[in-house]
Amino acid sequence: MSEHDLVYTQTEEFQHRVLICLANIPSGRWVSYQQLGQQAGFERRARHVAKLLKNLPDDTKLPWHRVVGAGGVIKLPADTPAGKTQRERLASEGWLISPSGRLR
DNA sequence: CCGTTGACTGTCG
DNA sequence: TCGACAGCCAACG
């Protein structure tokens, strides 16, 4: 057994908890990167939450589209595949999206 | 060890 | 409302 098997790093803990919280976000709601990090127990890692989401496999069933910027603003550019997917999904869950990306 | 890099954020003008 | 900017912090080269 290697030392790695014994040490649950901060990073692994962070990723594990964030993904669990992500899976629990109900349809029709959104959370900011920062809020998701806080729910997972990490206060100042909004950017790391973003990085984690970015690295998710394309075929993941996790609701990554419900994670947006503070105040409910979509951060992914509208002219990218992921950006379009996010807008489509949020719209299908009842959100109106202003040109600037703000959810209503 | 150090500078860069982000699906970020709050403050300021 | 919008851009610039300073914090943020692990990962990378």
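This text goes with the structure placed above it.
Remember, predicted model here, so these are calculated numbers, not experimental data.

Conventions we followed
Residues numbered from 1 in each chain as written. Chains lettered and ligands numbered in written order. Predicted model: local features only at pLDDT ≥ 70, side-chain atom pairs only at ≥ 80, totals over all residues. Heavy atoms only, no water. Helix = DSSP H or I, 4+ residues; strand = E, 2+ residues; numbered from the N terminus. Buried < 20%, exposed > 50% of the residue type's maximum accessible area, 1.4 Å probe, protein only. Contact = heavy atoms within 4.5 Å. Near = heavy atom within 4 Å. Polar contact = N/O pair within 3.5 Å; in protein donor to acceptor, adjacent residues only side chain to side chain. Nonpolar A, V, L, I, M, F, W, Y, C, P; charged D, E, K, R; others polar.

1. Concerning the side chain of Gln 86
Logical step 1: In this structure, Gln 86 sits in helix α5 (residues 81-92).
Logical step 2: Its relative accessible area of 1% is what places Gln 86 among the buried residues.
Logical step 3: With residues near it in sequence (within four places) discarded, Gln 86 still touches Trp 64, His 65, Val 67, Val 68, Ile 74 and Leu 76.

2. Side note on the protein's contact with DNA strand B
Logical step 1: In the vicinity of DNA strand B there are 14 residues, among which Arg 47, Lys 54, Trp 64, Ala 70 and Lys 75 approach most closely.
Logical step 2: Backbone atoms, meaning sugar plus phosphate, form 48% of the atoms of DNA strand B positioned within 4 Å of the protein.
Logical step 3: Between DNA strand B and Tyr 33 there is a distance of 3.2 Å, counted from a base nitrogen to a side-chain nitrogen or oxygen.
Logical step 4: Within the backbone of Leu 53, one N or O atom sits 3.4 Å away from a base nitrogen of DNA strand B.
Logical step 5: At the level of secondary structure, the elements contributing two or more residues to the surface near DNA strand B comprise α3 (33-39) and α4 (46-54).
Logical step 6: The element best represented in the surface near DNA strand B is α4, accounting for six residues.
Logical step 7: In terms of residue class, the surface near DNA strand B is built from seven nonpolar, four polar and three charged.

3. Here's the deal with the protein's contact with DNA strand C
Logical step 1: Near DNA strand C, the surroundings consist of Thr 11, Arg 44, Arg 45, Arg 47, His 48, Lys 51 and Arg 102.
Logical step 2: Counting only atoms of DNA strand C within 4 Å of the protein, the fraction found in sugar and phosphate groups is 74%.
Logical step 3: Here a phosphate oxygen of DNA strand C sits 2.8 Å away from a polar atom, N or O, in the side chain of Thr 11.
Logical step 4: Arg 102 places a side-chain nitrogen or oxygen 3.3 Å from a phosphate oxygen of DNA strand C.
Logical step 5: Tallying contributions element by element places α4 first for the surface near DNA strand C, with three residues.
Logical step 6: Across the surface near DNA strand C, the residue classes tally to no nonpolar, two polar and five charged.

In short, geometric facts, not functional conclusions.
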